[in-house]
Amino acid sequence: MPKNLLIVESPAKAKTIEKFLGSDFTVKSSYGHVRDLPKEDISVEIENNFKPNYIVTPDKAKVVKELKEAVKKVDEVWLATDEDREGEAISWHLCQVLGLDEHSTKRIVFHEITKPAIQKAITQPRKLDLNLVDAQQARRVVDRLVGYELSELLWKKVKGKLSAGRVQSVTVRLVVEREREIQAFETTPFFKIAAEFNVKSAEGKVSILKAEGPERFDNQGDAESFLKKCVGASFKINDIEVKPAKRKPAAPFTTSTLQQEASRKLGFSVSRTMLVAQRLYEAGFITYMRTDSTNLSEMAIATIAQEIENLYGKNYVHTRRFKTNKAGAQEAHEAIRPTYITNQQIPGGDRDQMRLYELIWKRTIACQMAEAELERTIVKIGISNMPGSPLQAEGEVLKFDGFLKVYLESNDDDDDDDSKGILPPLKVGQGLELREMNATERWTRPPSRYSEAALVSKLEELGIGRPSTYAPTITKIMEENRGYVVKENRDGEVRKFAILTLKNGQISKSEGSEVTGAVKNRLFPTDMGMVVTDYLFEHFKEIMDYSFTADIEKDFDVIAEGNKNWVKTVGDFYHPFHATVVNALETSARATGERILGKDPATGRTVLVRMTRFGKPAVQIGSKEELGEEEKAKFANLSPGMNIDNVTLEEALKLFTLPKTLGEHQTKEVSIGLGRFGPYIKHGDAFVSLPKGEDPLGVTMERAIALISEKQQADAPIGTYKGIGITKGKGRFGPFLKWGDLYINVPAKYKLETITVDDCHKLIEAKINKEANRYVQQWEKEDIAIENGRWGPFIRYKKNNVSFPKADGQKMTSEGAANLSLEDVKAIIEAALPGSFKK
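Let me begin by describing the structure that accompanies this report. (Residues numbered from 1 in each chain as written. Predicted model: local features only at pLDDT ≥ 70, side-chain atom pairs only at ≥ 80, totals over all residues. Heavy atoms only, no water.)

**Structural notes on the environment of R139**
1) Next: Structurally, the position occupied by R139 is in helix α5 (residues 130–157).
2) Next: Take R139: its relative accessible area is 12%, and that puts it in the buried class.
3) Next: Between the C-alpha atom of R139 and that of I552, which follows or precedes it by 413 residues, the distance is 9.0 Å.
4) Next: If sequence neighbours within four positions are ignored, R139 has contacts with R85, R166, R466, T469, E553 and F556. (Helix = DSSP H or I, 4+ residues; strand = E, 2+ residues; numbered from the N terminus. Buried < 20%, exposed > 50% of the residue type's maximum accessible area, 1.4 Å probe, protein only. Contact = heavy atoms within 4.5 Å.)

**A short note on the sheet that holds strand β19 (residues 595–599)**
1) Next: Taken together, the 4 strands give an open sheet; going across it, the order is β19-β20-β21-β22, and neighbouring strands pair in antiparallel fashion. The open sheet terminates on both sides in strands that have one partner only, identified here as β19 and β22 (634–637). Recorded for the sheet is a direction-independent mean angle of 25° between the axes of neighbouring strands.
2) Next: As paired elements, β19 and strand β20 (residues 606–611) share 4 bridges and run antiparallel to each other. Counted as the bridge partner of I596 is L608 from β20. (Pairing = 2+ DSSP bridges. Axes fitted to C-alpha atoms, helices over the stretch in contact; angles between N-to-C directions.)

**Description of the nonpolar core**
1) Next: The biggest cluster of nonpolar side chains holds 162 residues, and the ones touching the most others in it are I286, L356 and I681.
2) Next: Sort the elements by how many residues they give to this core and α5 lands first, with 11 residues.
3) Next: Once residues within four sequence positions are removed from consideration, I681 is found in contact with V670, S671, I672, A686, F687, V688, L690, V699, A704, L707 and I708.
4) Next: F197, V199, F217 and M437 belong to the second largest nonpolar core, which has 27 residues in total. (Core = buried A, V, L, I, M, F, W, Y, C linked by side-chain atoms within 4.5 Å.)

**A look at unusual backbone geometry**
Among all residues except glycine, the phi angle is most often negative; among peptide bonds, the trans geometry is most common.
1) Next: Of note, the amide linkage connecting L658 to P659 takes the cis form, showing an omega dihedral of 0°.
2) Next: With respect to the helices, strands and loops of the structure, P659 is situated in the loop between α17 (649–654) and β23 (660–665).
3) Next: The backbone of S43 sits at a positive phi, close to 60°, despite the residue not being glycine.
4) Next: Relative to the helices and strands, S43 resides in the loop between β3 (35–36) and β4 (44–45).
5) Next: Although it is not a glycine, Q666 sits at a positive phi angle of roughly 55°.
6) Next: Under the relative-accessibility criterion, Q666 is labelled partly exposed at 44%.

**Section: the pairing of strand β7 (residues 76–79)**
1) Next: Pairing of strand β1 (residues 4–8) with β7, which is carried by 4 bridges, proceeds in the parallel orientation. In the strand pairing of β7, N4 is matched with E76.
2) Next: Taken together, the 2 bridges between β7 and strand β8 (residues 106–107) define a ladder with parallel strand orientation. The partner of W78 across the bridge, within β8, is K106.
3) Next: Between the parallel pair β7 and β8, the chain is carried across by helix α3 (residues 85–98), and the sense of this crossover is right-handed. (Right-handed = clockwise from strand over helix to strand, strands pointing away.)

**As for the packing of aromatic side chains**
1) Next: Counting across every chain of the model gives 17 aromatic pairs.
2) Next: Each ring, one from F217 and one from F226, has its centre 5.4 Å from the other, and the planes form 45°; the classification is tilted. Of the two residues examined, F217 and F226, each falls in the buried class.
3) Next: When the ring of Y281 is compared with that of Y288, the centres are 5.2 Å apart and the planes differ by 65°; the resulting orientation is edge-to-face. Across this residue pair, the class does not change: Y281 and Y288 are buried.
4) Next: Members of the aromatic cluster, connected to one another through ring pairs, are F50, F540, F548, F573, Y574 and F577.
5) Next: One cation-aromatic arrangement involves R490 over F524; the distance from NZ or CZ to the ring centre is 3.6 Å.
6) Next: Directly above the ring of F837 sits K826, whose terminal nitrogen or CZ lies 5.2 Å from the centroid. (Phe/Tyr/Trp six-rings, centres within 6.5 Å; stacked < 30°, edge-to-face > 60°. Lys NZ or Arg CZ within 6 Å of the ring centre and 35° of its normal.)

**Remarks on the pairing of strand β32 (residues 784–789)**
1) Next: In this sheet, β32 lies alongside strand β31 (residues 775–779) in antiparallel orientation, the contact comprising 4 bridges. If you follow W779 over to β32, its bridge partner there is I784.
2) Next: Remark: 4 residues form the turn of the hairpin made by β31 and β32, two consecutive strands paired antiparallel; D783 in that turn has positive phi of roughly 60°.
3) Next: In this structure, β32 lies alongside strand β33 (residues 792–797), joined through 6 bridges in antiparallel fashion. Directly across from I784, in β33, lies its bridge partner Y797.

**Considerations on the pattern of salt bridges**
1) Next: Counted under the stated rule, the structure contains 51 salt bridges.
2) Next: Residue D555 pairs with K564 through a salt bridge whose shortest N-O separation is 3.0 Å.
3) Next: We classify D555 as partly exposed; its relative accessible area is 24%.
4) Next: Several salt bridges converge on common partners, so that one network encompasses E9, K13, D82, D84 and R290. (Salt bridge = Lys/Arg side-chain N within 4 Å of Asp/Glu carboxyl O.)

**Some points on the environment of R435**
1) Next: By the element assignment, R435 lies in strand β14 (residues 431–443).
2) Next: Using a relative accessible area of 39% as the deciding quantity, one classes R435 as partly exposed.
3) Next: Once residues lying within four places of it in the same chain are set aside, the contact partners of R435 are E196, F197, N198, I208 and K503.
4) Next: Looking at R435, its side chain comes within polar contact range of the side chain of E196, at 2.6 Å. (Polar contact = N/O pair within 3.5 Å; in protein donor to acceptor, adjacent residues only side chain to side chain.)

**As for helix α10 (residues 298–312)**
1) Next: Compared with an ideal rise of 1.5 Å per residue, which puts 15 residues at 21 Å, α10 spans 21 Å between its outermost C-alpha atoms and is within 8% of the ideal.
2) Next: Taken together, the buried positions of α10 are A300, I301, I304, A305, E307 and I308. Angularly, the buried residues of α10 cover 165° about the axis, an arc narrow enough to put them on a single face. Of the residues in α10, the exposed ones pointing more than 90 degrees away from the buried face are M299 and N310.
3) Next: Of the surrounding elements, those touching the buried residues of α10 are α11 (351–366).
4) Next: In the segment just after α10, G313 is the residue with positive phi, at about 110°. (Expected span 1.5 Å × (residues − 1). Arc of directions from axis to C-beta.)

Structure representation (structure tokens):
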């Protein structure tokens, strides 16, 4: 029997580590945190030094029971959770629930899951770092207090079921401010000069030399004047400047740079990156993935240098020791790198793991490779009629590729291409023949919307959050039920631009077109995100301040170092914050984001836009003061792409033309409308939703017929079962089949596009059998039923699920539930939902 029990937080990690330890050890997993604050209430005793009241979460009761049994069977328990605050807290919670001494239980840490690293860690155990535990506990308590009190305030002042948080709300503010910056930006046109020259070589071969003008022109007149001065002018090379240049590789990955680069190069969301990285770490392929250090161990540097020499030659080796400039870096102490650099690829694994591993391998190898050596050439081209305004051509030659042989870092600006071509042979004084010169209209550009990667970079720059919090924060603000931020692709608009061309001594004018404003996978704030941000910023300026949020993170760092008391830190923050919450609750008005657009020409009443009590942005005709007690205001939902901040009076009034009739198709009326769940086409009694982002005001009869036909084809039966047609579709909860009045979810192992009739029959039969065993008892008139659930029987009353209380510590069984009377069941419902039957 093993003498030692080693506990980690992940079953995959446990499986990998168990291979490296002998028979003296058994390795078990806690499956993450075993305790947390319950969701039902605040669970922090504010008057008792902010004591958190943790509970073993229901889904971990079985895990804790098994671990307690395992502890009884061994001589010693070791804790091997991740080496960060979260991991230290998991170990501390395990001590609390398993009855282990937090001052003497052995704790081991490692940056990589390899045999040497694990065996070394076993020889160097330490004790729990209670300072790290305090820092994590301070964060948990502060975030619970802020989240609980702000969310409760938002329910009363904005809309129910909203949430707010210390880091989450500041992150939403970043997205909101960027959107408003874009909306307020006024694009201004300018003209850019570009010229092409024919250059003849000694052999008579003609090549093209491209050059650009010295400055931008603010208007077409000035650009045309420049071209006119070039008519009949001669052009020659006044100067050629050749200078060497070097490019250095980027540092190895930290958590944030891995998230950014995986987003740019692989198209991964930050949460997807962290999920894949976690699997790679637990399988022993990479070092710990939550880190803000760029340091590499001396052993790693040596093995990387040897691998570079083996693969590319000694001249490609350039050893570097990167330093982390961030004060108080609180995560692991090494950058993310492969555990064995000789493995260019990983065996097996899914495609995501293979791609992310390859990215990490290339970045790690590149950071220890020689600089790329370039030769940059700048050519000044004189214009005889304008000696003070030379044109300029630039070229670049790669003399030695260095690290570029393996890896080149990406950036967030899709249009930022600084690559230069190779120039033809040139010499000073050489005359050039003008092929053509263009003055092209361009526009200044607003700042780009955040991608997930760019938002992570901004959070890191401002010191908001830490490596372990970036992914959950961004995931949280994009949750559908919060509705603060959405990630979308949006089509741009076609914009025409002027082109002036000088060719063969003549100036001509033409027009080109381009698509502007198109974006892919960018973050947009919703109207609710804007309203909530404005409300919080008005009443909680300190909480919403970037510097203040970053300073709290620094306080957590100081606690982790043992230089600050966590209870005092929480108290210094909470008491002023709570006073502000009480004041806002008593004095602030309900937040609707209301904006007056003007007057309705037909009625003379006020037209305004605001959030309704259902949390939907809508245009309203008639203010409260203008309407009598019996009269109701007219409402219209905003179309896709509109928001409270930018909708105009003209756009708002057009919304009241909906619903409108478009015509008749298949002897049924076709109309277009805008409902609670978005724009739709109505064809007789059938409804067809418009594709996301499509403007209902622009839908023609032809477009409506096309969408109706698509819907009819999609709804056509794909087969029959017992003489009744089977149709398929996609709903809010995923793909489904419909057979008669029965809806059947389609599991992920089936593809809706290729599902067979036989597969449909199997799913329908399984659903029928499930429905047959669904009810233990049912009282339809009372809208009460006892149903069999995954964890045993439960009561369904209207839209509420009610659990059976335990009797003598035992759960209710289906047999026991079948013997209950209606009055028994009503009594249980009344106890759980007071007022259901007794007023």
